[in-house]
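A closer look at the structure
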Amino acid sequence: MDHCASVLLAFPHTSELADNEDYDKAARIHVQKVDKLIKENGGNFPIFAEQLLDIVNPVDHSISYLALLLALVKPPNAGQATLLQRVSRFLLTFDARQIRYAGSAFSELLSRIEEGWLFPQSVAVELSATALLRLDPTGTILTSHHLPLVTLAYNSNNIDAVLALIEKTIVFYPGINLTESRPLSDLRLPPVAYMTPESGLTARINTTTVLKYDLLVGMCFMAKRRWQEAFEALERVVTYPTKETGCSKIMVEAHNKWLLVGLLLNGKIPTLPSTTAQGVKKSYETLSKPYLSICEAFVKDSAEGLKSEFETLGNQFWSQDGNLGLIRFVLSHYQRWQILNLREVYSKISLEQIRTTTQSAETGAPLSSDAEVEALIQGMIDEGMLNGVIEKPLEDGKPAHVVFLTSTEDLSEAEFAKKMLQSARRIKDLGPIIKATNERLATSQDYLRYIIREQKKEQGGGGRGAAHPYELQVEDEDLMTGIMRS
Amino acid sequence: MADPMMIYFTAVDNHGGIIVQGTPKFDLDLYIQNYKGRTRFDRLFLIGRSSVALCVDALKAAVAEAKRGRDVGRYREAVESLRLAAPNEPEATFDQAWIDVTETSNRNETHRLTTELKGYKNNLVKESIRMGNEDLGKHLESIGDLNGAGDSFNKMRPDVITPKQIMDVGKHLVRVSLQRREWSLTMAHLNKMGGVQLPDDDHTLQTYIKVAQGIAFLGQERFQEAAMSFLQADSEVGSSNYNEIASPNDVAVYGGLLALASMDRDSLQEKVLDNASFRTFLEREPHIRRAVTQFVNGRYSACIATIEEYRTDYMLDIYLQRHLPKIYGAIRSKCIIQYLIPFSRVKLDTMQAAFGTSEKPIEGELVDMIKAGTLDARINTIDGLVTVATPNPRLKMQREALETAQNYEKQAIDRLRRMGIAAADLEYKGQRRGGSVSNLMNSGPSFQTELSFDESMG
């Protein structure tokens, strides 16, 4: 056991390692030694592990600590309070740099947690989300852990715990490996360089995972009533790049929800972004017909149409699509948008007039009393949906009415400059991502093949100089089609 | 007599016809004297079918007009209508003998002309072929076979030589396509005519082209372009040059109304009132000139009142009828907008007095205009005010700038994401090319979320 301890504690402290290369070497040797140790001790290892955990510090010796934990976290031990405490302590404090070298072990631990038998679900979700963000604080890469984690969170209604994770903008996906010359330990590495299938921190993922993830993120935001974010997430699925013609069922499903969320968000039919593939657009037109009819009815002046669109297909249809709740919500929001649109026309309008000119899509008729109208409008004002006040003048002859306030106050020069600066900074912050993308594309096989061909042409065909610019252009287009195709 | 009239107009209504109740100001005989050719019947028949007041007179005149010509189809149509509307009139019975005689002679004439044309074709004399086609075309037009007439006139094209002949072909074709209400075809023929250079009687032809073009634009509801066309007509050109399509009075009315509907005050002053040539046209219709002057002088309600007086007349015009509500609507909206310009707020009651009528309160109209985006104002029903929105260019600029920056950011991220997907080779690869929609449904990877939105909401 002493031998075990000496091996586990052998990894030097960061201050003793001169540079990234040294760290890289030391870490690799350490991982090998720990592996060997476990293999040699075989069945005895778990027995020591319990005591060894007291000696090993999870922050300084994350690799060793992880190995010990993994040996213990198995069904018979699952319920032990001290063990669980150790796991959570580890996940909250581990050294992300070390763990880059123990990726598969870490992934293994995460998967066990995500399966849900180790911790109560809410704890499992929170721990995993925190751990993932500790590994990659930028949150810009989609790993194979994202989907199971968010699914667990959604199903167990622990969405709050993953919000920090799903709010991140994802621009990288693990895939074809990079020819990265810098060692894994280099802290300047973009996440896409160390969160790779080779390092074990993520597995390879497929298209379906990506689509499912964004759809699920959209649904999480929907459940939280954060329509703008939900809309954006669903839009990512709707505009997912496709090769050739074709459209995934998930995309259609997202499109249906996207239409409804668009109605709730802006009160009008959303338009497909120009990046949607043509073939996909056509598929949406056919496959999302019922939803498109709902949209058209929503922007009409009479609630009757919307109500009948909903009722002709019936609860059964909508709940089969998993959209019954959402569509009910859309129906209940119809009148709100009608009232909201009145602000484009009126500056003050009586409750009485609102009652007669707007209808509820749930009943297809106007509300029965001014008090109901007042309650509805008060609700809208409280939610921040409507900028206005209800006034009940005491003098005679003037009925209770709504005053729509306009936010036409322009910003001061300083405020405006501040906002612009924020925007500029956010765009500037994309710099590292652009750099990483550039590096990644520069090492992609297609591009290399293209470069080699170009070089060959340079060497061989001096005589055909005139043809070059044209060919260059064509080649260039070929390379970019997959990326730029809208 | 009221009863058959009722039945007749119910039938017209059912066929989507427009019925005009009021009594027009013009005199039917004087009105129709302004025209020649087939448009006379078309106009009379339209009045007969639309105007309650002039129905019988117009239909009787239409029957007489048809009988003067050789178009049996029109005669039948007119008599049939008259028989429904006023069965007791002597003209309401079919003159079978006339029909038989005319039909036979028409048939013989068609046969004769066709044979002659064949002969010319065999002789390969271009001039004769052209004239043969022209004669046949004219004949077919006069018996009501507009399709055939159009074909014949078109066949003249390869054999025309002088500019004069090109013009003649053009006029024939324009006339036929106008009768068939094929506006874009009319435009095409007119464009061909416009390209030809004529030395002397340029103005004559220009005026003909402008009038026909104006009508074609009007038919396509391109009001501004139509107005510009009519305004370029030359009043010195004799009406005989274009009275088979419109009269000088029509030019004044069309031009004036459409200009009112589509131009601002400065343009109206410059292009209508100060237009020496068009002024002469306007003298024939002084009330149109009055309306334009009133608009320019800012007396909007007077302007509307003036044109409203003549609504019935214009509803009985063959080309204006279908578009009049739109034109009047546009003029009204413009008046309301112009009326509001000098004020920051106006009492609803004042506006009601200026523009509203008892059956149509101004508020509804304002609401429609604001919704359509033609008017930027807010209504305050509590204090009875209309507040004109004051433009705030600074705010607009700021909003636009921030929006642009945001869009840029969003697009940049989206592009990066797409590159990321492409780099990881994760694009969605469709099924086989040309797979049908039903295939798509079944073959796409299926995804059922275990817990739907519904449950988590509850």
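About the criteria used
- Residues numbered from 1 in each chain as written.
- Chains lettered and ligands numbered in written order.
- Predicted model: local features only at pLDDT ≥ 70, side-chain atom pairs only at ≥ 80, totals over all residues.
- Heavy atoms only, no water.
- Helix = DSSP H or I, 4+ residues; strand = E, 2+ residues; numbered from the N terminus.
- Buried < 20%, exposed > 50% of the residue type's maximum accessible area, 1.4 Å probe, protein only.
- Contact = heavy atoms within 4.5 Å.
- Buried area = accessible area lost by both parts, 1.4 Å probe.
- Salt bridge = Lys/Arg side-chain N within 4 Å of Asp/Glu carboxyl O.
- Polar contact = N/O pair within 3.5 Å; in protein donor to acceptor, adjacent residues only side chain to side chain.
- pLDDT = per-residue confidence, 0-100.
- Domains from an automatic or database assignment.
- Nonpolar A, V, L, I, M, F, W, Y, C, P; charged D, E, K, R; others polar.
- Phe/Tyr/Trp six-rings, centres within 6.5 Å; stacked < 30°, edge-to-face > 60°.

Turning to the side chain of A:Asp24, a few remarks are in order. Residues and elements named next belong to chain A. Structurally, Asp-24 is set in helix H2 (residues 20–41). For Asp-24, a relative accessible area of 14% translates into the label buried. In this structure, Asp-24 is in contact with Tyr-101, Pro-183, Leu-184 and Ser-185, ignoring residues within four places of it in sequence.

Moving on to the interface of chain B and chain A. Listed by partner, the interface residues are 61 residues for chain B and 85 residues for chain A. Taken over both partners, the interface formed by chain B and chain A buries close to 6600 Å², and the fraction arising from carbon and sulfur atoms is 61%. One can count 4 salt bridges joining chain B with chain A. For B:Arg394, the salt bridge is made with A:Glu413, and the minimal N-O distance between the two is 2.7 Å. Applying the counting rule to chain B against chain A returns 17 residue pairs in polar contact (both at pLDDT 80 or more). Where the side of chain B that touches chain A is concerned, the elements lending two or more residues are helix H21 (362–372), strand S2 (377–380), helix H22 (393–423), strand S4 (428–429), helix H23 (437–443) and helix H24 (453–457) of chain B.

Another aspect to go through is the pattern of salt bridges. For the coordinates displayed, the defined rule picks out 46 salt bridges over all chains. One salt bridge connects A:Arg343 with A:Glu344, and the closest N-O pair in it is separated by 3.7 Å. A:Arg343 sits in the partly exposed class, given a relative accessible area of 33%. Between A:Glu352 and A:Arg355 there is a salt bridge; the shortest N-O distance is 3.8 Å. One end of the pair is A:Glu352 and the other is A:Arg355, both in helix H19 (residues 351–357) and 3 residues apart, which spans about a single turn. Residue class for A:Glu352 comes out partly exposed when judged on its relative accessible area of 40%. What emerges from the salt-bridge pattern is a single network uniting B:Arg38, B:Asp42, B:Asp71 and B:Arg74.

Residue and element names in this part refer to chain A. In the predicted model, chain A carries a mean pLDDT of 82, and 90% of its residues have values of at least 70. The low-confidence segment residues 462–480 (pLDDT under 50) makes 15 contacts with residues lying over four places distant or belonging to another chain. Low confidence marks residues 482–486, where pLDDT is under 50. Its contacts with residues over four positions away, or in another chain, come to 13 contacts.

The next thing to look at is helix H4 (residues 62–72) of chain A. Most of H4(A) sits out of view: 11 of its 11 residues are buried. All of the buried residues along H4(A) are A:Ser62, A:Ile63, A:Ser64, A:Tyr65, A:Leu66, A:Ala67, A:Leu68, A:Leu69, A:Leu70, A:Ala71 and A:Leu72.

Residue and element names in this part refer to chain A. Here chain A is partitioned into domain 1 (2–205) and domain 2 (416–473). At the interface, 12 residues of domain 1 touch 6 residues of domain 2. Taking both partners together, domain 1 and domain 2 bury about 680 Å²; carbon and sulfur atoms supply 60% of that area. Our count for the contact surface shared by domain 1 and domain 2 stands at 0 salt bridges. Looking at the side of domain 1 that touches domain 2 residue by residue, the class counts come to 8 nonpolar, 3 polar and 1 charged.

This part is about the packing of aromatic side chains. Scanning all chains against the criterion turns up 26 aromatic pairs over all chains. Seen in terms of ring centroids, A:Tyr23 and A:Tyr101 are 6.5 Å apart; in terms of plane orientation they differ by 40 degrees. Their pairing is tilted. Placement of the pair is A:Tyr23 in helix H2 and A:Tyr101 in the loop between helix H6 (96–99) and helix H7 (103–115), with a sequence separation of 78 residues. Exposure remark for A:Tyr23: the relative accessible area of 1% places this residue in the buried category. Note on A:Tyr101: relative accessible area 10%, which makes it buried. With a centroid separation of 5.4 Å and an interplanar angle of 55 degrees, the aromatic rings of B:Phe230 and B:Tyr254 are classed as tilted. In this pair, B:Phe230 sits in helix H12 (residues 223–231) while B:Tyr254 sits in helix H13 (residues 248–262), placing the two residues 24 residues apart along the sequence.

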